[in-house]
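# Coordinates in review
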Number of protein chains: 2
Amino acid sequence: MNHSLFDKHEKTLDSALNAIKTRGYWSPFDEMPSPRAYGETARADGEAAFKSQLERPFELHQPGSSGTVGEERSPFGFALNIGYPKVEPDALIAAAQKAQTQYRKAGPKAWVGVSLEIVARLNQASFEIAHSVMHTTGQAFMMAFQAGGPHAQDRALEAIVYAWDAMRDIPETAYWEKPQGKNPPLAMEKRFTIVPRGIGLVIGCCTFPTWNSYPGMFADLATGNAVIVKPHPAAILPLAITVRIARQVLKEAGFDPNVVTLLATAPNDGALVQSLATRDEIRLIDFTGCTANGDWLETHARQAQVYTEKAGVNQIVIDSADELKPVVRNIAFSLALYSGQMCTAPQNIYVPRDGIKTAAGTISFDAVAQSIAEAVQKLTADPAKAVELTGAIQNNGVLDRIEQVATLGTPLLDSQSLVHPAFPDAKVNTPILLKLDADRDEATFTQEWFGPIAFVIATGSTEHSLELAGRIARTRGALTLSVYSTDEQVLDAADEAAAFGGVALSINLTGGVFVNQSAAFSDFHATGANPAANASLSDAAFVANRFRVVQSRRHVPQREPA
Amino acid sequence: MNHSLFDKHEKTLDSALNAIKTRGYWSPFDEMPSPRAYGETARADGEAAFKSQLERPFELHQPGSSGTVGEERSPFGFALNIGYPKVEPDALIAAAQKAQTQYRKAGPKAWVGVSLEIVARLNQASFEIAHSVMHTTGQAFMMAFQAGGPHAQDRALEAIVYAWDAMRDIPETAYWEKPQGKNPPLAMEKRFTIVPRGIGLVIGCCTFPTWNSYPGMFADLATGNAVIVKPHPAAILPLAITVRIARQVLKEAGFDPNVVTLLATAPNDGALVQSLATRDEIRLIDFTGCTANGDWLETHARQAQVYTEKAGVNQIVIDSADELKPVVRNIAFSLALYSGQMCTAPQNIYVPRDGIKTAAGTISFDAVAQSIAEAVQKLTADPAKAVELTGAIQNNGVLDRIEQVATLGTPLLDSQSLVHPAFPDAKVNTPILLKLDADRDEATFTQEWFGPIAFVIATGSTEHSLELAGRIARTRGALTLSVYSTDEQVLDAADEAAAFGGVALSINLTGGVFVNQSAAFSDFHATGANPAANASLSDAAFVANRFRVVQSRRHVPQREPA
């Protein structure tokens, strides 16, 4: 079955297919918030669209709504005062199920076409979404635009193209002819129908509401499932806008818009989510958040396929370098970027107690540590520039952790409170750095300290550093590992540690690429091979179990050979 | 990295790749036990090889062995008296882990090449394996040869080719170049390494020890994992021979043979299996068996990817037919084949209370039921012919069920004990058929009654029959659904019921294809969409999560455009 939206986006789909198999640089979306790419008025329109939604009920007409819910506050210091429709999960599930029954029958090309059209429309709304991401997550505008807009859209498209790649491998029909010696052959026609799982539940986080939710959401949609989107109570708006756009596209394409619905909740929605997640109708769950909640879902939501991204401990191993300066500059940027509130931000920096080799001779452990601290200090010295890098602190839990960690090691750099020039009530904090010892402080550095918190850890040797890195990734989880070395043997050993820990490795990053960043269509985000995530964004395994194949077969007359 | 065994079998692999995408008839193996295909002496050699293994210790040199274990009895009436090496799970895991570390580094082409070579050697041993399958499962020789030999090898090859198809999609390296406006682009080389999960545990069943175990075993091996094969205590020999061949190939290819090991056990090995299955080192489990054990593994072996095939209720809906005779003949064959001891054998036959339409007019419910009974009776009337179809009863549990079920419905056909002309002590039983009523007897027919037990069930209408079929498949599990109708609207409704129940549908089988049979490379065995199985043999989802991808990236000089 063909579909006009599939035809409309087929060229993009083909390019994306090529991209995931060659994994070079590719994106159909412009990552710069430029008028040339998005239109002269896009920036102003987007900001206006964002502002027009403050202080009033959010327009979204879903079944079973009564009253409103929502207590979002911008980390830049004001309440959004947006009221989202409060819906009964029962009503939402019933509506989703009804909508999915119709959607299911439309077939893969319709699902993929609709999904691609939604992503294209999201791209047009990138400025509006950027402001909504900024004022829920605390990201500075540029990051909110890129990570919340085009980069999130890239990850959506990536999930769709993986889904299409998996589905197009199943022929709609097959002619089967089995020889029977001297007797006429057995001849059958077989039909293969892609049957979606049913309803997916996507549970968002408060730091990357779109980037982390889109892969699951679009993997579900592109394989014919309905989706209930449950944002983090602190970051509803970006996903509410997303759901509204998705429903509009569905409606225009002649589908029941309840294929995609929003479940906005008040803070402390744990019991509600647990009761929803274990409902028999929920057959897919995509979760980003803390390990306790992710583990709970994996253990209890046994009726569903559960994909989780949870806590991890990201690490850097410094062995040697031609020059230390570009190393520490790169690391400092990674630590300061969005105040370390990224699942990919480094936390543990291992440096041998005896120092590291450089072209200028050996540099002592203390000098390396000091050098990192100075680079961070330099990067955050000017508040006006710093805030565009650090953004604001998303929640008080992060501030509490900064305070809590301060006594657990030797101070290297204190966290500074900065005043944001445009938002005086914003909570802005620069990174805190502590010196730890590998032999003494393992209890501290094997925990995730989410936020602007990092440790420079003295180890016995690079071998010891790599042993820690591999073991901690494997047992505590990790999304990133970074190594600095001029020695190919050390890099081989780092490869082994990365394979053992099931963690992506970045080697000698000293330029414009940072360990926190992952590029869709090229970098796999998470491996699914350690406790930080049970899936990878995106790969075949992320999509292949969101649908099943139901076949039929019947005898047909023998066909003439073609 | 290339590998000579990959090159040797590449043509077969290419044909298999084409087969899984077009799903027509294909197999590289001859399913007839003919001298032309297998050699003049193959039959006699295979039987001699089987017999030479009776009454003595099985030769298999594994680490950590001490003493022997094994209490197999042929369902044809004699004890095998084979003693398998008794091994400590701890020693086996340690050996497998060591072997896997080396195997992992050889890469996908070596894993696939080794796997293909093992399958080719298994094919050469088809007669020996056929006898071993016959005298552990009770299958008649022809089925033991086909299902235990070439058809099982087909399913092994199918799993390997799916694994290869998933792995070849990951490039080994990629060049990534991101434009930076007027600045020089960012240029990186990325390397993608396929990292196996670790150790797989394959838990076999007593009715199809090779057919049901090969897909998991070869999916594991082809993706670089080590495999511990744990046969059912009643059907060890076919898998022991398989493991021995696998180890020989591994050794010849320069690998540690402990990549594949055998864990033979005495009956009632539940505690041992549970303790092994929850070990942290076991990262993949493939299980075929009862629902209670499968559910236990899914719930408790949380450190592993768990693939299960469990109980189900297979169903036939009779709505109408041109002629009843070929319908009941086909059904009777399906009921008698291996005494219904197949996970695909039909159990519930729904017939409207008001009868069915045929070209010769309406035939009453009772007449349809009687007709099925007579067809079964006719098929099993001559013991010498019957035993080649029914084989023997695998275990006393099946005999107990025949007795237990007898009082639960209106007798239609009694189970007969037959004397096997060649094996006087064989337990041979023909099917028992009962009449049930859909409204009254649901408690009986929603259970699986594994063995030669079937029900002809009176329903209110074909609509009612299809409602039952869809609902029972969805809630109780099912691998097969068969429908007979001359009405395309009924067939459309059957398609809907099959989609709802997540079960493969066969339409109007009246010739030489039977609902119990599924053809590798064309028919998906199980859908993974109902409780009978959480995976399908084989599809992308069955293999994609048996390995993960770990990447590295580093800056490289910008390349000239090609």
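In this text the structure is predicted, and so the values were computed from the model without any measurement.

Each value, and the rule that gives it
Residues numbered from 1 in each chain as written. Chains lettered and ligands numbered in written order. Predicted model: local features only at pLDDT ≥ 70, side-chain atom pairs only at ≥ 80, totals over all residues. Heavy atoms only, no water. Domains from an automatic or database assignment. Contact = heavy atoms within 4.5 Å. Buried area = accessible area lost by both parts, 1.4 Å probe. Salt bridge = Lys/Arg side-chain N within 4 Å of Asp/Glu carboxyl O. Polar contact = N/O pair within 3.5 Å; in protein donor to acceptor, adjacent residues only side chain to side chain. Helix = DSSP H or I, 4+ residues; strand = E, 2+ residues; numbered from the N terminus. Nonpolar A, V, L, I, M, F, W, Y, C, P; charged D, E, K, R; others polar. Pairing = 2+ DSSP bridges. Least-squares fit on C-alpha atoms with pLDDT ≥ 70 in both.

Another point: the domain arrangement of chain A. Residues and elements named next belong to chain A. Split by domain assignment, chain A resolves into domain 1 (4-310) and domain 2 (315-507). Summarising the inter-unit geometry, the C-alpha centres of domain 1 and domain 2 are found 33 Å apart. Contacts between domain 1 and domain 2 engage 18 residues on the former and 19 residues on the latter. Both faces combined, the contact of domain 1 with domain 2 buries some 1,300 Å², and carbon together with sulfur accounts for 66% of it. A per-residue breakdown of the area domain 1 buries against domain 2 is headed by Pro75, Phe76 and Met143, which together make up 34% of the total. For the pair domain 1 and domain 2, the number of links is zero salt bridges. Our count for the domain 1 to domain 2 interface comes out at five residue pairs in polar contact (both at pLDDT 80 or more). Looking at the side of domain 1 that touches domain 2, the elements with two or more residues in it are helix H6 (126-137) and helix H7 (141-148). Of all the elements, H6 adds the most residues to the side of domain 1 that touches domain 2, at four residues. Partitioned by chemical class, the residues of the side of domain 1 that touches domain 2 number 10 nonpolar, seven polar and one charged.

Before going further, it helps to examine the side chain of Ser339(A). By the element assignment, Ser339(A) lies in the loop between helix H13 (324-336) and strand S14 (348-352). With near-sequence residues (within four places) excluded, Ser339(A) lies in contact with Thr390(A), Gly391(A), Ile393(A), Asn429(A), Gly451(A) and Pro452(A).

Further remarks concern the sheet that holds strand S16 (residues 361-363) of chain B. The strand order S13-S15-S16 (chain B) describes an open sheet built from three strands, whose pairing is mixed. In this open sheet, the two edge strands, each paired with only one partner strand, are strand S13 (320-321) and S16 of chain B.

Here the focus is the relation of the copies chain A and chain B. By a simple turn and slide, chain A fits onto chain B: the slide is 0.0 Å along the axis, the RMSD is 0.0 Å, and the turn is 180°. Expressed as a symmetry operation, the mapping of one chain copy onto the other fits a two-fold axis. Nearest to the rotation axis, the C-alpha of Ala541(A) is located 3.1 Å from it, this being the minimum over chain A. Interface residue correspondence from chain A to chain B reaches 100%, placing this contact among same-surface, isologous pairings.

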